[in-house]
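Residue-level listing of the chains:
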Amino acid sequence: MGRSYIVDEAVGQYLLNFDIKDRAYVSGLLIGQCSSQRDYVLLATRTPPKEEQNESPQRAQSALADLDEEWASAHANQVSRMLPGGLLVLGVFILTAPELAKDVQNVLRRLIFSVEKSISKARLWNLSEEEVSERIALHICSSSKKILCRTYDIQDPKSSAKPAEWKYQNGLSSSWLSLECTIHVNIHIPLSSTSAGYTLEKNTKNGLLRWAKQIENGVFLINGQVKEEDSNLLEGQKKSSRGNTQANSQTFDVRVLTPLLQSSNNRSTATVQVCSGSVNLRGDVKCRAYVHSNKPKVKEAVQALKRDILNTVSDRSHILFEDLLMTETPAPQNMNSEKEFHSLPHRVFVPIPGSSVMLCDYKFGDESTAAVREHFEEMLDRSVRVEDLEIAEEMNAASLPTSPPGGVDPQSADEEQPKQLKKEITASKFQQNIGLAVATAVAVFAVGLSFHYFSD
């Protein structure tokens with residue numbers, strides 16, 4: 001037997017409630033957390049349909065084979081942005097009629113690798129050798145309700161399916177621990193003017209990668225203490241009257257101490273670079289991560305928080321980038337004209353029903369909470385109340401150049417996405433085509449975060 005998946009019973013109810021009599025299949029994402037011993041599935045969400053149409057029995061076979069991987073991957077990319085540290089897209093599911101069962105595994109396999117490629121593209125981190133790289137491919141028969149759970153290794157494109165165990169557990173999502181921190185961001189990114197193939201996007205991405213190394217090498221103080229990586233996160237916590245550690249809904253306050261990327265002893269290795277300008281990023285970033293309370297290790301908790309820090313910086317970059325594309329900000333004539341101010345998106349949290357775990361989205365100042373709620377509902381296929389939205393940060397502004405130098409690489413542009421999802425998907429095909437948006441993308445990180453561009 002392969003890996004074991006502990007699944008919240010609410011996920012099982014969600015998966016079995018689909019009615020596919022008028023369509024060939026229903027597909028979607030499985031969301032949860034990996035650990036060394038077992039994985040936890042907290043949530044499932046279907047891929048939003050591209051259009052309302054009925055599939056005749058004659059077309060069902062071809063409709064399954066023609067599942068739109070690009071559409072499903074675009075949805076996965078958006079959902080991935082909504083996951084705090086510790087949570088991942090663990091895999092995909094598909095529910096079909098019995099006669100389509102023989103073709104399902106090939107479809108699921110393609111979908112798993114397509115989804116992983118989409119959500120990992122903008123990451124500032126990679127899976128380590130110690131981490132679990134298996135992802136779920138779940139098939140559900142619409143008539144018998146039989147479940148077939150298999151996994152594929154996303155690190156191996158030639159990997160074959162492995163059997164996995166699928167177990168339901170009541171109240172799984174209630175026993176989670178949270179870690180929270182606020183870090184100060186101060187990033188200086190020179191913009192090279194000597195490399196012909198070096199676009200502004202590549203410069204800023206490299207700058208963020210250098211900053212990511214500082215986060216990876218940082219010291220994380222948990223409730224003011226440095227703890228051994230292999231120790232239990234709950235070690236030393238108070239016991240209840242029954243002798244159990246008080247773990248449910250417990251929050252750990254974390255402080256991050258980041259070293260300088262280069263020590264004074266290594267300054268002799270620095271190189272002189274001809275630059276057309278620079279980007280400075282300064283401000284505070286609020287971060288949050290979750291880990292299951294079943295013997296959590298300190299290193300797993302710290303890694304979850306590190307990933308949230310890196311993800312929220314990267315994700316907000318792309319969100320502002322897409323927003324500027326959608327608003328079609330005009331390019332000015334004068335490169336040295338005054339800076340413009342753009343609103344920074346801030347984080348909005350919403351709880352998973354019956355759980356202490358919260359998911360997140362991002363909101364600009366001119367967006368209503370009702371619009372954010374609608375986006376939650378569209379992406380996660382769940383009802384959300386406006387009063388449940390928790391705005392984690394106050395709004396501020398970013399000062400941006402009205403016209404940056406540097407080009408973009410048209411060959412790296414994404415293919416056109418379907419138009420029914422929210423603007424974050426519809427804008428993705430333009431992500432490499434507008435220099436202005438690329439230049440401003442790195443200015444979106446959090447409260448008080450400011451973006452300054454200096455041109456020679």
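Just so it is clear, the structure is predicted and the values come from calculations on it, not from any experiment.

Chemist: If you had to explain the overall build of the protein to someone new, which residues and values would you point to?
Modeler: Counting its regular elements, the protein contains 9 helices and 18 strands. Within the protein, the fraction of its 456 residues that count as buried is 52%. If you sum the accessible surface of the protein, you get close to 21,600 Å²; carbon and sulfur atoms cover 45% of it.

Chemist: Tell me about the nonpolar core, and please be specific about residues and values.
Modeler: With 107 residues, the main nonpolar core has Trp166 and Trp211 as its most contacted residues. Two domains each provide a minimum of three residues to this core, namely domain 1 (4-169) and domain 2 (175-232 + 248-261 + 274-327 + 342-398). With residues near it in sequence (within four places) discarded, Trp166 still touches Tyr5, Val7, Leu15, Leu30, Val41, Ile136, Leu138, Ile147 and Cys149.

Chemist: An account of the confidence of the model for the protein is needed here, citing residue identities and associated values.
Modeler: For the protein, mean pLDDT is 77; residues scoring 70 or higher make up 69% of the total. Taken as a whole, residues 330-337 scores under 50 in pLDDT and shows 11 contacts with residues more than four places along the chain or in a different chain.

Chemist: Go over the packing of aromatic side chains, please, and point to the residues and values.
Modeler: Applying the stated criterion across every chain yields a total of 4 aromatic pairs. Considering the side-chain rings of Phe18 and Phe93, the 6.2 Å spacing of their centres and the 25 degrees angle between planes classify their relative orientation as stacked. Here Phe18, found in the loop between helix H1 (9-16) and strand E2 (25-33), pairs with Phe93, found in strand E4 (residues 88-96); they are 75 residues apart in sequence, far enough to count as distant. As far as the burial class goes, Phe18 and Phe93 line up, both buried. For the pair Tyr40 and Trp176, a centre-to-centre distance of 6.0 Å together with 80 degrees between the ring planes defines the contact as edge-to-face. Here Tyr40, found in strand E3 (residues 39-46), pairs with Trp176, found in strand E9 (residues 176-192); they are 136 residues apart in sequence, far enough to count as distant. The residues Tyr40 and Trp176 share a single accessibility class, namely buried.

Chemist: So what's going on with the packing of helix H3 (residues 69-81) against helix H7 (residues 369-380)? Which residues, and what values?
Modeler: Interhelical geometry of H3 versus H7 gives an angle of 125 degrees and a closest axis separation of 10 Å. Taken together, the axes of H3 and H7 lie oblique to each other. In this structure, the crossing between H3 and H7 has a hand that is left-handed. On H7, the residues that touch His75, Gln78 and Val79 of H3 are His375, Met379 and Leu380. The class makeup of the residues in the contact of H3 with H7 is 3 nonpolar, 3 polar and no charged.

Chemist: Tell me about the pattern of salt bridges, and please be specific about residues and values.
Modeler: Within the structure shown, the criterion is met by 14 salt bridges. Of the charged contacts in the structure, one is a salt bridge between Arg3 and Asp39, with a shortest N-O distance of 2.6 Å. Taken together, the positions of Arg3 in the segment before strand E1 (4-8) and Asp39 in strand E3 put the pair 36 residues apart, joining distant regions of the chain. Exposure class is identical for Arg3 and Asp39. Each is buried. Residues joined in a network through salt bridges with shared partners are Glu180, Arg288 and Glu390.

Chemist: Tell me what's going on with a nonpolar patch on the surface, and back it up with residues and numbers.
Modeler: A cluster of nonpolar side chains, namely Val219, Val226 and Leu257, defines an oily patch on the protein surface of about 240 Å² accessible area. Along the chain, Leu257 falls in strand E11 (residues 251-257).

Chemist: Help me get a handle on the environment of Phe364, residues and values and all.
Modeler: Residue position: Phe364 is located in the loop between strand E15 (358-363) and H7. What makes Phe364 buried here is its relative accessible area of 4%.

Chemist: Tell me about the packing of H3 against helix H4 (residues 101-120), and please be specific about residues and values.
Modeler: The contact between H3 and H4 brings their axes to 8 Å, and the two run at 45 degrees. When the axis of H3 is compared with that of H4, the two are oblique. Between H3 and H4 lies a crossing of right-handed hand. Each of Glu69, Ala72, Ser73, Ala74, Ala76, Asn77 and Ser80 in H3 lies in contact with H4, whose residues at this interface are Arg110, Leu111, Ser114, Val115, Ser118 and Ile119. Among the residues making up the contact of H3 with H4, the classes are represented as 6 nonpolar, 5 polar and 2 charged.

Chemist: An account of the sheet that holds strand E16 (residues 390-391) is requested, with residue identities and associated values reported.
Modeler: Strand order in the open sheet formed by 3 strands is E15-E14-E16, and the pairing between neighbours is antiparallel. Both edges of this open sheet fall to E15 and E16, since each of them pairs with a single strand only. Against the sheet, H7 touches strand E14 (346-351) and E15, its axis set at about 130 degrees to E15.

Chemist: Can you explain H1? Please cite residues and give values.
Modeler: For H1, every residue scored as buried is listed here: Val11, Gly12, Tyr14 and Leu15. Mapping the buried residues of H1 onto a view down its axis gives an arc of 160 degrees, with all of them on the same face. Where H1 begins, the capping side chain belongs to Asp8, and its oxygen is found 2.9 Å from the backbone nitrogen of Ala10.

What counts as what
- Residues numbered from 1 in each chain as written.
- Predicted model: local features only at pLDDT ≥ 70, side-chain atom pairs only at ≥ 80, totals over all residues.
- Heavy atoms only, no water.
- Helix = DSSP H or I, 4+ residues; strand = E, 2+ residues; numbered from the N terminus.
- Buried < 20%, exposed > 50% of the residue type's maximum accessible area, 1.4 Å probe, protein only.
- Areas by Shrake-Rupley, 256 points an atom, 1.4 Å probe, with all protein chains shown as cover.
- Core = buried A, V, L, I, M, F, W, Y, C linked by side-chain atoms within 4.5 Å.
- Domains from an automatic or database assignment.
- Contact = heavy atoms within 4.5 Å.
- pLDDT = per-residue confidence, 0-100.
- Phe/Tyr/Trp six-rings, centres within 6.5 Å; stacked < 30°, edge-to-face > 60°.
- Axes fitted to C-alpha atoms, helices over the stretch in contact; angles between N-to-C directions.
- Parallel < 35°, antiparallel > 145°, perpendicular 65-115°, else oblique.
- Left-handed = near helix turned anticlockwise from the far one by under 90°.
- Nonpolar A, V, L, I, M, F, W, Y, C, P; charged D, E, K, R; others polar.
- Salt bridge = Lys/Arg side-chain N within 4 Å of Asp/Glu carboxyl O.
- Patch = residues over 30% accessible without salt bridge, like charges linked within 9 Å, V, L, I, M, F, W, Y side chains within 5 Å.
- Pairing = 2+ DSSP bridges.
- Arc of directions from axis to C-beta.
- Polar contact = N/O pair within 3.5 Å; in protein donor to acceptor, adjacent residues only side chain to side chain.

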